Every structure is written in C-alpha cells, then in structure tokens.
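Overview (structure and organization)
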Amino acid sequence: MSGGHLIGSFLEMMSAERGAAANTIEAYRRDLTHYAAFVSAQNQTLLSATRDTVAAWLDDLKTEGLSASSSARRLSAIRQFHRFLCADGIRSDDPTRIVASPKSRRALPKVLSLAEVDRLLTLAEAEANTPASPQKQIAAQRLYVLLEMLYATGLRVSELVSLKRAAVMRDAAFITVTGKGNKDRVVPMNDRARDAVRHWIGTLEPGPFLFPAKGENGHLTRQVFARDLKGLAARAGISTARVAPHVLRHAFASHLLAGGADLRVVQMLLGHADISTTQIYTHVLDEKLRNLVESHHPLARG
C-alpha cells in the first residue's frame, strides 16, 4: 500500500471513529505528507522508517527553525499515525515509541528587584495612610494588605484573594492555605504583613472572607487585584508590563533563595507538589554559586 493510501486510511479513521474536526484532519494531512516526503528522501517508506529516521526528521524541523512546541505537535500526529499502523497490523513495530518529544526551554519568571518591590510597598503604604474618600481609602488599604501578604507568603493570587478570615492563625503570625488538590499548608507571615492584616481585619464588617467584595464569589477577583497593582506600578514609575500578582510570587521565591533559603523550604511555602516545579528558580542559585566561586576561589582573581 502506498504512503498516500496509508495516510488516507488513517485520516478516515480519525474522522469516522474519533470524530476529528475538519481543521484537525487537514493539519494531520499536512504533517503526515511532510513526514512522508522526508522518509521518501531517505530512500525509505512509511512501513520501513526507523527510530533514527524519525529522529532525523525532528532534527530537520529544528534546522528549518520550527519551534519545539510546533515540532512536538507534529510528532504527536506521527505517533498517532504509527500507532494506527500497528493497531491494524500493517506494521509490527512503532518507530516513534522511544523518541523523546521536543521540549521548549521554560522561560525564566519575571522578577522584580528588591528595590522595586520596596518602592511598590512604600507607595502602597503611603497611599493607604493618605486621607481620601471612604471608597478610595478602603481600596488603597486593601491593596497595601494584599501586597504585604503576597510578598511575605508567595501565595498564588487565587489563594490570596479567596482567603477566609478563619485562615489567619495565631495573632496573624501564620495563615492556613488550601492550595491545588485541596492540600492545606501553613505559611508564616513577617511582622509587616502581620500588622497590616490585623489592622485590616479590624476595619471589616462581619463576613467570611478576608477580602470581601459584592461579586458572585463574595471575595475580590484576581482581575481587580491585577488592575489595581498595575495602577500602583505606574504611579511608582515601574513598567506595568513587568508587574502582575504572579510576579510578586516569583519575587518572593527568588529573593528567598538569593538570601540563602533552602529549595525544599521554598517548595513547601509555594505549595508545589513536585520540586521540579520549584527548580525554575535555580537560576538564582546558579548565580549565587558562581559569585561564591569567583569571590573565594584562590585563582579566580587571575
């Protein structure tokens, strides 16, 4: 059976049995046609192509400048095609079975400097203490408390805005957080955050949430917090493109590690189930180790 007939049979199966959309079918057709042409150029067929052939095809995609994510998507189509050939007994082996999928290099998180975080906190505190209309005063005080808590704890923004008042423990020195997978963790707060939270709670009407709002959920939304934070950044002279709630979470983790905190401790505070997620911050440790070697190695001064 020719390569074209094999691809046609696969596409018919995807349409009839799996209900693939027309756009999906067309994307598979393009990817498989490109792959078949490469295989043919190697003097092989879709029935004789080997693992090395698939690896060479991926290398060719990289040479063409295709991104890792796009190459991975194409490989996924080729994997499904070869599985189809095996399932129908057309081929006895799958050359894609042990081919690693291209991985995009994970972007380093945006991080604000200590000085920039201090500018945000200083301005937020000053605005919280500046007389204004009741509505503006409450918004300014709320933003200040949110910032102090976020930088002190590294909470996910969704965890922070939905905190219950009952989560504040031991005279506001600790908070209990329910993270992903409904897993609870206890996170300490520094003195500044603790004092800000205690004062904030004293201004609230009775209710369950630490940051109440009139919306459907009963608490502040992430979007409102992000909007208010960007406004503060603009007033502090910091590019709004560099500031968002998750950036403060990244700053919390990066600044802790730069100060000597253990990676496992930071993992626990961030609520990461797997330390591999926390290891995105090891660029901070790499820089610290490089500076230590340059500072203390007897031949480093050259």
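Residues numbered from 1 in each chain as written. Predicted model: local features only at pLDDT ≥ 70, side-chain atom pairs only at ≥ 80, totals over all residues. Heavy atoms only, no water.

Moving residue by residue along a regular strand, the side chains alternate between the two faces of the sheet. Along strand 2 (residues 174-178), the buried face is formed by Ile175 and Val177; none of Phe174, Thr176 and Thr178, which line the opposite face, is buried. Hairpin geometry of strand 1 (residues 168-169) and strand 2 is characterised by an intervening segment of four residues between the two adjacent antiparallel strands and by a positive phi of about 45 degrees at arginine 170. Connecting strand 2 to the next strand, strand 3 (residues 184-188), in antiparallel fashion are five residues, including glycine 181 with a positive phi near 75 degrees. (Buried < 20%, exposed > 50% of the residue type's maximum accessible area, 1.4 Å probe, protein only. Helix = DSSP H or I, 4+ residues; strand = E, 2+ residues; numbered from the N terminus. Pairing = 2+ DSSP bridges.)

Turning our attention to the nonpolar core. Ranked by internal contacts, the top residues of the largest apolar core, which has 56 residues, are Leu120, Leu147, Met149, Leu160, Ile175, Phe211 and Phe225. Going through the elements one at a time, helix 5 (114-128), helix 6 (134-153), helix 7 (157-161), strand 2, helix 8 (191-201), helix 9 (222-235), helix 10 (245-258) and helix 11 (263-270) are the ones with two or more residues in this core. Looking at this core element by element, the count peaks at nine residues for helix 6. If sequence neighbours within four positions are ignored, leucine 147 has contacts with Leu120, Leu121, Ala124, Leu229, Leu232 and Leu248. (Core = buried A, V, L, I, M, F, W, Y, C linked by side-chain atoms within 4.5 Å. Contact = heavy atoms within 4.5 Å.)

This part covers the domain arrangement of the protein. It is common to give the size of an interface as the accessible area that goes away when the parts come together. Domain annotation for the protein reports domain 1 (3-88) and domain 2 (114-296). Measuring from the centre of the C-alpha atoms in domain 1 to the corresponding centre in domain 2 gives 46 Å. (Domains from an automatic or database assignment.)

Right, let's talk about the packing of aromatic side chains for a bit. Ring pairs (aromatic) are described by centroid distance and by the angle formed between their planes. Going through the model one piece at a time under the given rule, you end up with five aromatic pairs. Arranged with centres 5.9 Å apart and planes meeting at 70 degrees, the rings of phenylalanine 10 and tyrosine 28 form a pair that is edge-to-face. Residue phenylalanine 10 is located in helix 1 (residues 3-16), and its partner tyrosine 28 is located in helix 2 (residues 22-41); the two are separated by 18 residues in the primary sequence. For the pair shown, phenylalanine 10 and tyrosine 28 are each scored as buried. (Phe/Tyr/Trp six-rings, centres within 6.5 Å; stacked < 30°, edge-to-face > 60°.)

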